[in-house]
Every structure is written in C-alpha cells, then in structure tokens.
Amino acid sequence: MGGCVRDELMGVKPKDRDWVVVNSSPGEMEKKGFKPIGKDFPVFLHPATNEEYALARTEKKSGIGYKDFIFYFDKNVTLEEDLQRRDLTINAIAKDANGLIEPAPYMMLLAIMGIISVILVWWLLETILSSPWGRILKSIREDEDVAQHHGHDVLTHKAASLALGAAIAGLAGALWAWKLTGFEPSFMSPARSTFLVWAAFIIGGAANNKGMIIGALMYALMESVFNVLVAGQGSPDLPLHATADRIDRLFEWLVVNQWDAAQIFLIITLIGFIIRSRNITEIGLSGAFIFIMTFVLFGQRSIDESFSTGIIQANMAYVKLLLIGLVMLLSLKLNPKGLLPEVPFRPDRESREDIQ
Amino acid sequence: MNSESQDNTILKVTNLRKEFGGLIAVKDVSFEIKKGEFIGLIGPNGCGKSTTFNCISGLLNQTSGKVEIYGTDVSKMRPDQIHGLGMTRTFQHTRLWRKMTVLENLLVPPRKQFSPNILKSLLMPNKSKEEQERLNQAYEILDELEVPHMAHNLASELSGGQSKLVDIGRSRMGSPNLLLLDEPVAGVAGPLAMKIFNNLRKTVNETGISVLIIEHNMDFILRQGVDRIIVMNEGEVLMIGTPDEVKSNKAVIAAYLGAAGEEE
C-alpha cells in the first residue's frame, strides 16, 4: 500500500512493498514467524522477504505529539477503516488482488467539484465575452495596431487576459493535483501543457466555449482509453486487451516487414496514377519513400538495439499523440473553424420600427 | 501669438522630419489646425501624406521635429495615449476587425467602456444604460452611412466601399476632437461620397471638431467646403491656403493638379 501502489500505477517497479493485514492479532502474527518492530506500532517484518506488514488499526489521539495514540488493532478493523485513519495523500491508497480500494468516494467528490468549476468558469467566460472587454479582446485578436489606435492599450489588455487564463488553469491544476494525489514537475510535459491543449481547441472550435469543452472532452476520453490500452497491453484479463494486441501486431509488422509495407504504398501510388488522383499518388509516394528508406537503412540489429527485451511493442503514449495529431490535421484541413465556430454578438435593435 | 489663438490650436506640427534610411519621406513639415477647421491634405502619390499621419498618430516615431496636441508633446506617447488626447485616425487600407460584426466594430472605440464601475461593466454587460446609449449611437451612425442592414454581417463580408463607410463610422464612435481621415471615400460611389463630405462638414459646424482629410478627388476637396488646403510635394509643404488660392497657384497646378487645373 501507499508509495508502492503509486509506483505501480505509474508503471514504475516499486522499491519496497508495505502490506496491511486484516483479521489478525499481534499474537497470531508472531506465531507465524513475523518479527515485530518496536513496541507501540503493530508492524511486523516478514521472515523471508523482510517486507513490512502492519495490522489494520484505528487510533485515537490521547495526548500531544506523535506517541500518544491509542491503537485499536483487533480482528474487526477493516482495511477501509484503516485507510480512513490515514491522510489524504498517497498513504491512503491500498490495493488488493481485485484492484484499488479507496477510503472514501473522493473521486466522486472531485468529479462534482470539477463539474461545478466548469459551470462557474463557463458562466464567467460567457459573461466577459459579451461585455465591452470581450469586444476589445476580440479587436486586439483581429488587428492590434488598429485597436491601439482606438484607445485600447494592447499590452494591458493582453496581460489581463493572460492573468485570467492563468487563474483558470491554476484552478484546473489544483483539481488535477488532487486527483493525482501528488505532483512532480515532470508530470507537466511540454506536449501535455501546450500541444494537447491547442489540439483540444483546434478540434472543438476556437473562440467558442462550447467547442472548447467538446474538444477537451474528446481529448480526455482519448487519454483514458489509451490509459486502459496501456494496462491492457500487459494482461489478457483486462478490457481492450484485444485492441492493444492488434495495435502491437500492426506495429510489429511495420517494424519487421518494411519492404511489405513499402510495396503496399507503391500499389497505392500506382492506383493514384491510374485514376489520376494527385492526392492518392502523393500519399502513396511519401509512404513508400519512408518505408524504402527504413528498409535500406535499418537492419535487424537496429531492431534488436531498440527493443532490448526482444518484445516489439508499441508505446501507447506515442500512438496517442499520433492519433491526436492526425485528428487535428484532418480537422484543420476539412473544418478549419472547428466543430463549433465562433458566434458573433448580435443584439436586437430595439427602436427599429420607430426609425422606418 | 496671443493667448486666445494658442487655446484654439488643437494640432501643431513643427519641423516634422521622417527618414527611412537614406530616404527622407517628410522634410520639415509645419502646420497648425485650429478648433472647428475642416482641412484637406493633398499631394501626388508618395509625397509623405500618410507618413505625416503616421507620425502624428504615434504609429511611427519622427526623426526630428515636434507634434503637439492641445500643447502636449506626443513624440514619446503610445497611439492609445494620443487617442486619449482626443485624436482618432483611419488607415488608408481599410483595416476593420474582420471576424467581428459591423456593430461590434462600432462598439469597440467608445471611450470609458469600463467606467464608472468596472465589475458592473464586466459582469452585467447588457444591463447598463451606457451600453444602451452606445448601441443607439452606433445605429444612428449606421443609418447616416446608409448601411444599417449590414449591422449584423461580419466585416469580412462587406464590399470595399462599405468597409470604407464602416471605417469612417468607427472613427466617429470614439467621439474625437481631431479626426484624421486617410482617403476615406476612395472607392465609394459618387453621391454617397458627396453625402459623407456634407455630413462631415455638418458635424464640424455643429460639434466644433477638427478634421484633417487626405483625398485625391479634387472635386470634393475644391468644392465641398474645405476651409483650408495643405498641398505637399516630395515631402515638403508646397503651400497652405483656401481652395481658391490653391486652384490659382501655378506651382500647385504644375506639381499636382496638372490636367484637372487646365481643363477649368
């Protein structure tokens, strides 16, 4: 439990594992050969592996400091009760053979808070967009020289909008950090913090808040599907194992049989040439070029060096980026305004009839 | 110079000079504009009219010389600060905010969009009285320019002439005391261009603002009631005078009016 579960979730091999034992007592543990550590905490070392085994316990503070706790560690204390005693961090995660056990439905609470935040931010942005400031920001987007000549200091407005955006990102980051129950600078990879956000609004529609939410949802859905795929790569019991397997086999085929792949692209070129479609010819030629080059330049040794374990497996993180990039290119080519384009502000004219 | 005429001077340009590398675009230009004057600026292509505008409005920094608006030296000021003194300009190539509607284009320039209460104007944008006044003013200007039916069209959907009209309307929304128009009616149909000129003259007479206008159509400049004309040639001021004086000046005819002057 604790740190080792976090390591396992992140795909790192845990350094040491800690266990919580339920339905047992100190006497029973000692009888089985476990060595107790210290007098106060019911923690034991396994005789063979030296991993830590702690009895599930609840505690009451009976004085000041770390020592004055009264522990209840009888057979009736469940794992969930033990986890509730712990803090809100990584220490409160435990895992058994069936999966993760959480002390309380924090994820549900977090989801509700997330939805409420989205609604609040939505309301704020829609209101500001239809306010004079929204108009000024749009005019700066269109032509900042002219906006400056009509009396609006571009630097001030840009700085203010950057501050607003940063505040919203900060709110999102706070919720995200809670979900991860820990944070490291390396979590914030450049691809995640810039390219993927950009992809979300290109796909959904720039300058439209609904489009932004749809784009973000599509991206989040893709992310979670790929997380399941990564897990599915490992074990045949998990969902989407068949899909992950298929992707892996396609990848392996592409890596090993480059000449076959090149032949397929050459056939595509031929078809494009026959039906006189410049696009298809170009696709075929560029694909064939790539695979002929890899066929000529890379031999069996480069494959062996790249996949030192001997198993040729696609890295799903890159497959995900590839797919998002593909969706973005298609979206830019076929539908440059995104799924939902910008809606200009068009108020009704009140005194229209009076004038006519 | 007595104090009264000093107060009436809105724009004062003294020995303005602008060099681009070796090219001297504007050579020691000096002129003054008083309150309520409607002034034309003419000259052949490339004689430095637009560069003079750019130096006045703060888009370019002059090489030397001085530009004063209400006695304030604007040499080191940003365009928005100069706008704050009461000056608005248009650009020769119409630059509307293309992905905004015509109405939105007109609603950006008004001053004091955030006062008196910033929070109220941000969070309750459509309920304020000021916003309603701005809307009404915008529709009045659109009516006057004969394009009210285009109010909800995107600016990118307008024709060239309509864009010019909206640009003039937009410059008027900022309630300027000094309006610099760079070829405002180029590409606008004759009768409407005439009407725009008449309206400008009317606005000048009624509200006492000053207008400096660059125009190539001599008919408008010479006949439509411009108070004075500044003639520029090769970066220098050739002469400043009333339309009649300009029409009869031989140097101006030689440099610019040419055939148009001879025909008359």
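Structure first, text after, so check above.
All values derive from a computational prediction rather than experimental measurement.

Attention shifts here to the overall build of chain A. A tally of helices and strands in chain A yields 15 helices and 8 strands. For chain A, the proportion of its 356 residues judged to be buried stands at 29%. Counting contacts in chain A only where the partners sit at least 6 residues apart, residues at least 24 apart contribute 54% of the total. For chain A, the accessible surface area stands at approximately 22,900 Å², while carbon and sulfur atoms represent 65% of it.

When helices and strands are tallied, chain B shows 11 helices and 10 strands. Computed over C-alpha atoms, the radius of gyration of chain B comes to 19 Å, within 12% of the 18 Å expected from 2.2 N^0.38 for 264 residues, which places it in the range of a compact globule. Along the longest, intermediate and shortest principal axes, the C-alpha atoms of chain B span 60 × 40 × 40 Å. The buried share of chain B, taken over its 264 residues, is 54%. Within chain B, contacts between residues separated by at least 24 positions form 67% of all contacts whose residues are at least 6 apart in sequence. For chain B, the accessible surface area stands at approximately 11,600 Å², while carbon and sulfur atoms represent 50% of it. Considering chain B, the positive charge centre built from 30 side chains and the negative charge centre built from 32 side chains are found 6 Å apart.

A few words now on the layout of surface pockets. Residues and elements named next belong to chain A. Its volume calculated, the second largest pocket comes out at about 520 Å³. Taken together, 16 residues line the second largest pocket, and the ones lying closest to its centre are I247, F251, A314, N315 and V319. When the residues that make up the lining of the second largest pocket are grouped by side-chain class, the tally is 12 nonpolar, 4 polar and no charged.

Taken as a whole, this structure holds 3 cavities of 30 Å³ or more when the rule is applied. Estimates place the volume of the largest cavity at around 60 Å³. Lining the largest cavity, in full, are A:L196, A:A199, A:A200, A:I203, A:M218, A:Y219, A:M222, A:I324 and A:V327. Listed by contribution, the elements that provide at least two residues to the lining of the largest cavity are α8 (190-204), α9 (209-234) and α14 (316-334) of chain A. It is α8(A) that contributes the most residues to the lining of the largest cavity, 4 residues altogether. Its residues assigned to classes, the lining of the largest cavity shows 9 nonpolar, no polar and no charged. Looking at the second largest cavity, the residues that line it are B:C55, B:I56, B:G58, B:L60, B:N61, B:Q62, B:V74, B:S75, B:M77 and B:I82. Its residues assigned to classes, the lining of the second largest cavity comprises 6 nonpolar, 4 polar and no charged.

Moving on, we get to the sheet that holds strand β1 (residues 9-20) of chain B. Sheet architecture is open: 4 strands sit in the order β2-β1-β4-β5 (chain B), paired in antiparallel fashion. The sheet is open, and its two borders are formed by β2 (23-34) and β5 (72-73) of chain B, each paired with just one other strand.

Moving on, we come to the interface of chain B and chain A. Across the boundary between the two partners, chain B contributes 38 residues, which contact 33 residues of chain A. For the pair chain B and chain A, the two sides together bury roughly 3,400 Å², of which 60% comes from carbon and sulfur. Here chain B and chain A share 5 salt bridges between them. Residues B:R78 and A:D153 are paired through a salt bridge, measuring 3.2 Å at the closest nitrogen-oxygen approach. If you list the elements that add at least two residues to the side of chain B that touches chain A, you get α3 (79-84), β6 (87-89), α4 (102-107), α5 (118-123), α6 (129-144) and α7 (160-173) of chain B. With 6 residues, the single largest contributor to the side of chain B that touches chain A is α6(B). For the side of chain B that touches chain A, the per-class residue count stands at 17 nonpolar, 10 polar and 11 charged.

Turning next to the sheet that holds strand β9 (residues 228-233) of chain B. Residues and elements named next belong to chain B. Spatial ordering of the open sheet is given by β6-β7-β8-β3-β9-β10, a layout of 6 strands whose pairing is mixed. The open sheet has two edge strands with one neighbour each: β6 and β10 (236-241). Shown here is a sheet whose adjacent strand axes are inclined to one another by a mean of 15 degrees, direction ignored. Two elements, β6 and strand β7 (residues 178-182), share 3 bridges in a ladder whose sense is parallel. Bridge assignment links R89 to a residue of β7, and that residue is L180.

The next thing to look at is the state of the cysteines. All names here are of chain B. On inspection of all chains with the given rule, the structure shows 0 disulfides over all chains. The structure places no disulfide on C47, whose sulfur is separated from the nearest cysteine sulfur, that of C55, by 13 Å. Owing to a relative accessible area of 2%, C47 belongs among the buried residues under this scheme. Here C55 falls in the buried class, since its relative accessible area comes to 3%.

What counts as what
- Residues numbered from 1 in each chain as written.
- Chains lettered and ligands numbered in written order.
- Predicted model: local features only at pLDDT ≥ 70, side-chain atom pairs only at ≥ 80, totals over all residues.
- Heavy atoms only, no water.
- Helix = DSSP H or I, 4+ residues; strand = E, 2+ residues; numbered from the N terminus.
- Buried < 20%, exposed > 50% of the residue type's maximum accessible area, 1.4 Å probe, protein only.
- Contact = heavy atoms within 4.5 Å.
- Areas by Shrake-Rupley, 256 points an atom, 1.4 Å probe, with all protein chains shown as cover.
- Rg over C-alpha atoms; globule rule 2.2 N^0.38 Å.
- Lys, Arg positive; Asp, Glu negative; His and termini not counted.
- Charge placed at Lys NZ, Arg CZ, Asp CG, Glu CD.
- 1 Å grid on protein atoms, 1.4 Å probe; cavity = no way out; pocket = protein on both sides within 12 Å on 5 of 7 lines; lining within 4 Å.
- Points joined across faces, edges and corners; volume = space filled by probe spheres on them.
- Nonpolar A, V, L, I, M, F, W, Y, C, P; charged D, E, K, R; others polar.
- Pairing = 2+ DSSP bridges.
- Buried area = accessible area lost by both parts, 1.4 Å probe.
- Salt bridge = Lys/Arg side-chain N within 4 Å of Asp/Glu carboxyl O.
- Axes fitted to C-alpha atoms, helices over the stretch in contact; angles between N-to-C directions.
- Disulfide = S-S within 2.5 Å.

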